[in-house]
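Here is what each chain is made of, one letter per residue.
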Amino acid sequence: SNTTSRGAQSATIISEGSRFPLNQYLNPEARHVLESLLEIWGIEGGNATTLVDQLIDWTDADNATTGQGKERGYYFSAGIPGYPFNRPFEALDELTLVADYPLLAQVKPDWRSVFTLKSSGKLDVNTASADLIAAVCECSLSTAEHFVQTRSGSDGIPLTIDDLEMETVEEALDLLMTYGTDRERVAPRFTTDDPVKRIVATGT
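This text gives an overview of the structure that appears in the document. Here the structure is a predicted model, which is why all the values come from computation and not from measurement.

Cut-offs used in this document
Residues numbered from 1 in each chain as written. Predicted model: local features only at pLDDT ≥ 70, side-chain atom pairs only at ≥ 80, totals over all residues. Heavy atoms only, no water. Buried < 20%, exposed > 50% of the residue type's maximum accessible area, 1.4 Å probe, protein only. Helix = DSSP H or I, 4+ residues; strand = E, 2+ residues; numbered from the N terminus. Contact = heavy atoms within 4.5 Å. Polar contact = N/O pair within 3.5 Å; in protein donor to acceptor, adjacent residues only side chain to side chain.

Side note on helix α1 (residues 31–41)
Taken together, the buried positions of α1 are R31, V33, L34, E35, L37, L38 and W41. Those residues of α1 that are buried lie in contact with β3 (20–21), α2 (45–59), α4 (101–107), β4 (115–116) and α5 (130–137).

Now the structure itself:
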């Protein structure tokens, strides 16, 4: 990342891949990754499954209910016809319309700063937080926390000059996982530098 200063303002250009690509994980094959992240945040397993069911029903093209999800009939009965939209999320605030959204807001009030709809769809191993890495890598949170600590360099502060920048996804996985089929399966979920960037204010 690059840090620039202008007057009293400071900003950092950061990879959009530091955020969780929500739409990427709203399908039957990848949903377990999002469920794991919700559980890391503190949503009990059954509730995490239900919320992901509802998110999938919001984004899939059919009107068939997924598990404990909600489709047109539920929202119509609740007095909000026209929901769900049956397409991928186009704005993060659409999440607030999903039936069990309060579960997310309760455990992760800053969820808007964690999810993205704009990245390449891969998580950036050089800038993502430990909870996101643990979920996407399917490793323990403590392993991901140790990885982030190592990545942050001797000062222990992320996005500073002494950070250990991973040149390849394989280099990151050397610290996160053992060799094997699981590693080959999760590697495509990561990048070392998402081409989409975000400018983040870092203070005065």
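On we go from here.
What to know about the side chain of R19
With respect to the helices, strands and loops of the structure, R19 is situated in the loop between β2 (9–15) and β3. Looking at R19, its side chain comes within polar contact range of the main-chain oxygen of S113, at 3.5 Å. Once residues lying within four places of it in the same chain are set aside, the contact partners of R19 are R112, S113, V114, F115, T116, L123, L132 and R198.

Quick word on the environment of R112
Checked against the element boundaries, R112 lands in the loop between α4 and β4. Taking relative accessible area as the criterion, R112 reaches 38% and is therefore assigned partly exposed. For the pair formed by R112 and R19, sequence separation is 93 residues and the distance between their alpha carbons is 9.6 Å. Those residues within four positions of R112 in sequence are excluded, and the remaining contacts are R19, L92, D93, T96 and Y101. A polar contact is formed between the side chain of R112 and the side chain of D93, at a distance of 2.7 Å.

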